[in-house]
Structures are given as C-alpha cells and as structure tokens.
Amino acid sequence: MLFLHQEILSNMIEPHLQLFHPFGISKGNGPVYKQLALFIEGLILSHILPPGERLPSERALAALLGLSRTTVTAAYEEVIAMGLTVTHVGKGTFVEPLQQDVTNLVPPPPPWAQPPPVLLDHLLTASTFPLSHEQRLISFAAGMPAPEALPEALDEIIHHIVTSDPAGAFGVTPAAGLPELRKQLALWMMPSTLIRAETREEVVVTTGAQQALDLVARFFLHPGDTVLVERPTALGALQLFKAYGAHVLDSDLVHLVLPPQQQKPRFFYVLPTWQNPSGRCLNYEERLALLRFSARYALPLVEDDPYGPIWFDAPPPPSLWKLASSVPGAIVISLGTVSKILATGLRLGWLRSPQPYATAFAQLKQTADLHTNTLAQWIVLEYLTTQRLEHHLTRIRPLYRERCQAMLKAIERYLPTLSCQVPGGGFYLWCTLKGIKSLDLYFVALQHGVTFLPGPSCYVDEKENEWLRLSFAAHAREDTEEGIRRLARAVANLQAEKARKQA
Ligand code: PMP
C-alpha cells in the first residue's frame, strides 16, 4: 500500500516515469547507459515522449531502474548529443521542443478532435529506422508488400504509356477517374454477365483505399455521430473515424445487434477477407448474416478489401459487394486498392457504391484532390486490360504463402509460447503471448531491433492487452528468422525483468 502511494506520488511529480517501467537491460547489447539512451530515443522518436516534455529527474529514474545515477546521467548526455533533448539548468532535461514559430502557426484543433493515438506511423513505415548504429530495425509492424512482389515490366509499361501519349499520360481526368479504368475495375470486381449497364457510374477511382475511406467518413460522419467497427479493427480506420469526431463503437461479428440506447450507427466498417489485423476470413454464411443485418436496420456496410486477391490455397468466399444482390435491402459500399497487389506508391484505390452515394463521393473527391494521379491510372488500366494483373497475382500468391509459413516456422522454433491465428491469405499473423502485455514487449523489442504492431492500437478503448500483429509480407526468410529470434530474446528479457522485480 505504502509502495502504491509512493508510486502515485512520484508519478505526479515525475509525470513520465511510468514510461520507463518496460526498460530492461540485456546482456551483450553494449553498456547499460547506451541501452537506456536507445530506449529514450525510441520513446522520443515515436512521440510517446512528445516535444517539450520533461524527462524524469536522473535521481528518480535511477531509483526506479535500480541503476546508479552516473549511468542515468551518461544516458541523458548521450541523448542530448543525439540532438533529441536539451538541459535547462535547475529545471531538468526536456525533449527538444518544436520550432517555436511553427508551433505558433498551428491553430488549436477543433473542439471535437481527439489527439491521434500514439504516433506509431514512422515506426510502421521505417523498416530501416536507424535504431542503433550497429543494428538495423526489422519491422513486422507495417503492412508493406514484399519488394520482390513488385510487378514485372513496370518500366516497359511506363515507357510505353509516356512515349505513346505524353499528353494523355500527364493530362487531367474526370474526378471519378478514367472512364475505361472505372469500367475495367467494375468488371474485375464482378466479372461476366452480372455486370449492369450503369456499373461504370458506381466506381470512383481514389488516391488509395485510405482516401476512399476518408470520402466515406466525410460523407457520413458529423462530430458525435456513431460508427460501428469490428473488434479488433484496422488502426488506420480507427484513427480516421476518431479524427472526424465520431463516437466509435465496436462489435463482434458473432452477435450482431445494434447497441441499445445508442444513436443508430451511420455505417458498419467491416473487413471480411483476411482481416487487418486478425487475418480472419468470414465464411459464406457469416457474410450473408452481415448482409441481412444491414438490410434489417438499413445500415450501410463499408467493406474494406485490400487483401482479398492474396489468398494462399483457396480463394475466399465472394465479397459482400458480389453477394449484396442476393439479400434485398442490403447496402454495401466496397473499397479496394492496388497497394498490396501492385505497388503502394501508385496510390491508386477505388470505391464502389450504389447511387446516389457514388455521385456524392465523386463530388467530394473533386474537392479533395481533383482527381487521382493520371499516370498511375493508365498503369493500372494496362494491368487490367492485358491480363497482366492476373499473371502477377499468380506469381505473388505463393511468395506470400511461403513468407507466412517461414514466419510460423521461426515462431515454432524460437518462440513457441507465441500463439498465432493462421490465416489463409493476406499479410498478418495475429498472435498472443500469455502473461505479457504487448505494449511492454513493444518497448523492449525496440531495444532488441525488432518491432510489431501492439494489439491495443486495433481496439477502440483497450489500453493494454496481450495481442500483437506481425506482418510477414515484407521480409525474406533470413530477416524473418532474425526478427523472430530478436523477439524471443526480448520476451525472455522482459520475463526475467518481471521475475527480478517480483523477487
Ligand atoms: N484499409 C486497410 C484495411 C489497410 O490495411 C490499408 C493499408 N494498410 C488501407 C486501407 C489503405 O490502403 P491504401 O494504401 O490503398 O491507401
């Protein structure tokens, strides 16, 4: 009890002290002060310790970690030398503040806006983030495609487009996209006879699926509106809905009920196929149940499907979009992208919806960025009309299946206590470690040169849990093995540290 009081008191005086709990020393990873400096660097670069914030006093941190004050002082000096912190005599050590004049230019956020969750994004994208000078970070955090899965002959295709019609390649297109591309996308999503005459009007080409989702959110959500999501769900969508001031409610997909005494949700955001983060794929019956739920409550389903084409052994059941016509009254807005199947940097996605939504989305798209990059549209059109996309998919599916298996094997070998849901496609393993909070592991893993997406980022309001998402897509077998070995060392370290504290 006394200990608890002391801890609460010291947290009041030293507001960021609790962030240092997960720090653990690992043998063979260099001097302790350097390890602590790297840990602080991780906290600062991921904005967990934001600009301008004060670090705990050296005395308090030394007491918490059971280190000498000289060690903590040396670590602080190291971080100052990195240019990440400054010392003010008599006041303490502070994270380097943002340029004053820039801060002054930033208006205060609107009252409904919530700060985004911990800024993981540069850790997500920076798989070569220079965490330490000797050790390249292996990132299992980001859902990045394999560099080896870039489409073949991209250079030839670009050369052909640019030389045969330079004005067309760099000209303006309608806001909803090149008409021929919209038609081909519609055909690709639902081939053959089922296609209706007005189909082309239903597809709006967007700057990635993220923009498609943004247009949906802009159209439907006013601050305070409710939106329903799965539990767990995609981090990017959660951040987006919260940024629009929405009240986000989560639901499991087994017991589909509208929450009582709540405002009716404006839509239900779902990822039926190789879900991000869990890798789960809804079966046929579950899809129909979702569609009946939509019809019963006139609740639009926003189906996000970036991973559908990446299946390993068998294709998934038909998309909600395809099945919608078999459930009268069901409303489906479907989002797609080439980010995972061709190249993320093309920034080409689409949304497909019944009227009158499609026209509204095209109008909103115009206000956002006039139209999607023209060259990217021509490139994707080329892939769709020449069957190159199907050939390419036939090449990359086995690559991702192998990568998934390689990661599962490495886990079995080096970290068998990590239990994972095995997906039939997509990019992710969704795993849990009994007795270990994934956020605690996250910080220790960073010190060991490996990172992942901690589970709480995929939940509406869970501050901690034991889930973590590992993306197997981007790394070749050797890096995957090395990354899992590092993760296993981080787990061992954390467990030893916990045992030491309990003793
Ligand atoms: N939705 C989901 C579920 C995703 O995983 C992603 C990318 N990680 C996106 C949307 C955004 O994709 P894009 O690159 O096409 O904007």
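Preceding this paragraph is the structure being described.
Before going into details, it helps to say that this report is about the structure given with it. Not measured: the values here are computed from a predicted model.

**Concerning the sheet that holds strand β6 (residues 247–251)**
- Spatially, β4-β10-β9-β8-β7-β5-β6 is the arrangement adopted by the seven strands of the open sheet, whose pairing is mixed. This sheet does not close on itself; its edge strands, each paired only once, are β4 (203–206) and β6. Between one strand and the next, the sheet's axes are offset by a mean angle of 20°, whatever the strand orientation.
- Of the strand pairs in this sheet, strand β5 (residues 226–230) and β6 are connected by five bridges, and their pairing is parallel. Bridge pairing links Glu-230 to Ser-251 in β6.

**Some thoughts on the nonpolar core**
- Counting 92 residues, the largest nonpolar core has Phe-20, Leu-36, Leu-181, Tyr-400, Leu-441, Leu-470 and Leu-487 as its most contacted members.
- Take this core: its biggest share by element is eight residues, from helix α17 (residues 388–414).
- Residue contacts for Leu-441: discarding those within four places in its chain leaves Leu-433, Ile-436, Phe-452, Leu-468, Leu-487, Ala-490, Val-491 and Leu-494.
- The next biggest cluster of nonpolar side chains, apart from the first, holds 32 residues, and it includes Leu-221, Val-229, Leu-271 and Leu-335.

**Side note on the site of the ligand**
- Around the ligand lies a shell of 13 residues, among which Ala-209, Asp-304, Tyr-307, Thr-337 and Ser-339 are the nearest.
- Note that an oxygen atom of the ligand is positioned 2.9 Å from one of the side-chain N or O atoms of Asn-276.
- The fraction of the free accessible surface of the ligand (400 Å²) that becomes covered by protein chains is 86%.
- Among the elements that line the shell around the ligand, the one with the most residues is helix α11 (residues 208–220), at three residues.
- Along the lines of polarity and charge, the residues of the shell around the ligand split into five nonpolar, five polar and three charged.

**Examining the packing of aromatic side chains**
- One pass over the structure, following the stated rule, counts 23 aromatic pairs.
- Taken together, the aromatic side chains of Phe-219, Phe-220, Phe-241, Phe-267, Tyr-269, Tyr-357 and Phe-361 make up a single cluster linked through ring pairs.

**Points about the pairing of strand β8 (residues 301–304)**
- The side-chain alternation of β8 yields two buried faces, one formed by Leu-301 and Glu-303 and the other by Val-302 and Asp-304.
- For strand β7 (residues 268–270) and β8, the ladder comprises three bridges, and the chain directions are parallel. By the bridge assignment for β8, Tyr-269 is matched with Val-302.
- Between the parallel pair β7 and β8, the chain is carried across by helix α13 (residues 284–297), and the sense of this crossover is right-handed.

**Some remarks on the pattern of salt bridges**
- All told, the structure shown has 17 salt bridges when counted by the stated rule.
- When the shortest N-O distance is used, the salt bridge between Glu-78 and Lys-34 registers 3.2 Å. Taken as a pair, Glu-78 in helix α4 (residues 69–81) and Lys-34 in helix α2 (residues 32–45) lie far apart in primary sequence, 44 residues in all.
- Of the charged contacts, one joins Glu-202 and Arg-352 as a salt bridge, the two residues approaching to 3.3 Å between their closest N and O atoms. Taken as a pair, Glu-202 in helix α10 (residues 199–202) and Arg-352 in strand β10 (residues 349–352) lie far apart in primary sequence, 150 residues in all. Each member of the pair, Glu-202 as well as Arg-352, is classed as buried.
- One salt-bridge network, in which partners are shared between bridges, spans Glu-481, Glu-482, Arg-485, Arg-486 and Arg-489.

**Looking at the environment of Tyr-414**
- For Tyr-414, the position within the fold is in helix α17.
- By relative accessible area, which is 22% here, Tyr-414 ends up partly exposed.
- Remark: the alpha-carbon pair of Tyr-414 and Glu-482, spanning 68 residues in sequence, is separated by 9.8 Å.
- For Tyr-414, the residues in contact, after removing those within four places along its chain, are Glu-481, Ile-484, Arg-485 and Ala-488.
- A polar contact is formed between the side chain of Tyr-414 and the side chain of Arg-413, at a distance of 3.4 Å.
- Side-chain polar atoms of Tyr-414 contact the side chain of Arg-485, separated by 3.4 Å.

**Quick word on helix α18 (residues 438–447)**
- Among the ten residues of α18, eight are classified as buried, and the element is accordingly described as predominantly covered.
- Listed in full, the buried residues belonging to α18 are Ser-438, Leu-441, Tyr-442, Phe-443, Val-444, Ala-445, Leu-446 and Gln-447.
- Directly after α18, the chain includes Gly-449, whose backbone phi takes a positive value near 85°.

**Some words on the pairing of β10**
- Burial along β10 is two-sided: the residues Gly-349 and Leu-351 and Trp-350 and Arg-352 are all buried.
- With four bridges connecting them, strand β9 (residues 332–337) and β10 associate as antiparallel partners. The residue bridging Thr-337 from the neighbouring strand is Gly-349, located in β10.

**Here we look at the packing of helix α3 (residues 58–65) against α4**
- Where α3 meets α4, the axes come as close as 9 Å, and the angle between the chain directions of the two elements is 120°. Considering their axes alone, α3 and α4 lie oblique with respect to each other. Two packed elements cross with a definite hand, and for α3 against α4 that hand is right-handed. Residues Glu-58, Arg-59, Leu-61 and Ala-62 of α3 pack against Arg-69, Val-72, Thr-73 and Tyr-76 of α4.
- Residues of the contact of α3 with α4, tallied by class, amount to four nonpolar, one polar and three charged.

**Considering unusual backbone geometry**
- A cis amide bond links Asn-276 with the next residue in sequence, Pro-277, at an omega value of 20°.
- Its place among the elements puts Pro-277 in the loop between β7 and α13.
- Looking along the chain, the bond that leaves Gln-355 and enters Pro-356 is cis, with omega of 5°.
- Note that Pro-356 resides in the loop between β10 and α15 (357–369).
- Of note in the backbone geometry, Gln-387 takes a positive phi value of approximately 65° without being a glycine.
- Looking at the element boundaries, Gln-387 is found in the loop between α16 (374–385) and α17.

**Examining the side chain of Ser-278**
- Position of Ser-278 among the secondary structure elements: in the loop between β7 and α13.
- With a relative accessible area of 7%, Ser-278 lands in the buried category.
- Of the polar contacts made by the side chain of Ser-278, one reaches the side chain of Gln-275; its length is 2.7 Å.
- If we ignore the near neighbours within four places in the chain, the residues touching Ser-278 are Gln-421 and Trp-430.

Basis of the calculations
Residues numbered from 1 in each chain as written. Predicted model: local features only at pLDDT ≥ 70, side-chain atom pairs only at ≥ 80, totals over all residues. Heavy atoms only, no water. Pairing = 2+ DSSP bridges. Helix = DSSP H or I, 4+ residues; strand = E, 2+ residues; numbered from the N terminus. Axes fitted to C-alpha atoms, helices over the stretch in contact; angles between N-to-C directions. Core = buried A, V, L, I, M, F, W, Y, C linked by side-chain atoms within 4.5 Å. Buried < 20%, exposed > 50% of the residue type's maximum accessible area, 1.4 Å probe, protein only. Contact = heavy atoms within 4.5 Å. Near = heavy atom within 4 Å. Polar contact = N/O pair within 3.5 Å; in protein donor to acceptor, adjacent residues only side chain to side chain. Areas by Shrake-Rupley, 256 points an atom, 1.4 Å probe, with all protein chains shown as cover. Nonpolar A, V, L, I, M, F, W, Y, C, P; charged D, E, K, R; others polar. Phe/Tyr/Trp six-rings, centres within 6.5 Å; stacked < 30°, edge-to-face > 60°. Right-handed = clockwise from strand over helix to strand, strands pointing away. Salt bridge = Lys/Arg side-chain N within 4 Å of Asp/Glu carboxyl O. Parallel < 35°, antiparallel > 145°, perpendicular 65-115°, else oblique. Left-handed = near helix turned anticlockwise from the far one by under 90°.

Don't take any of this as a statement about function, it's just geometry.
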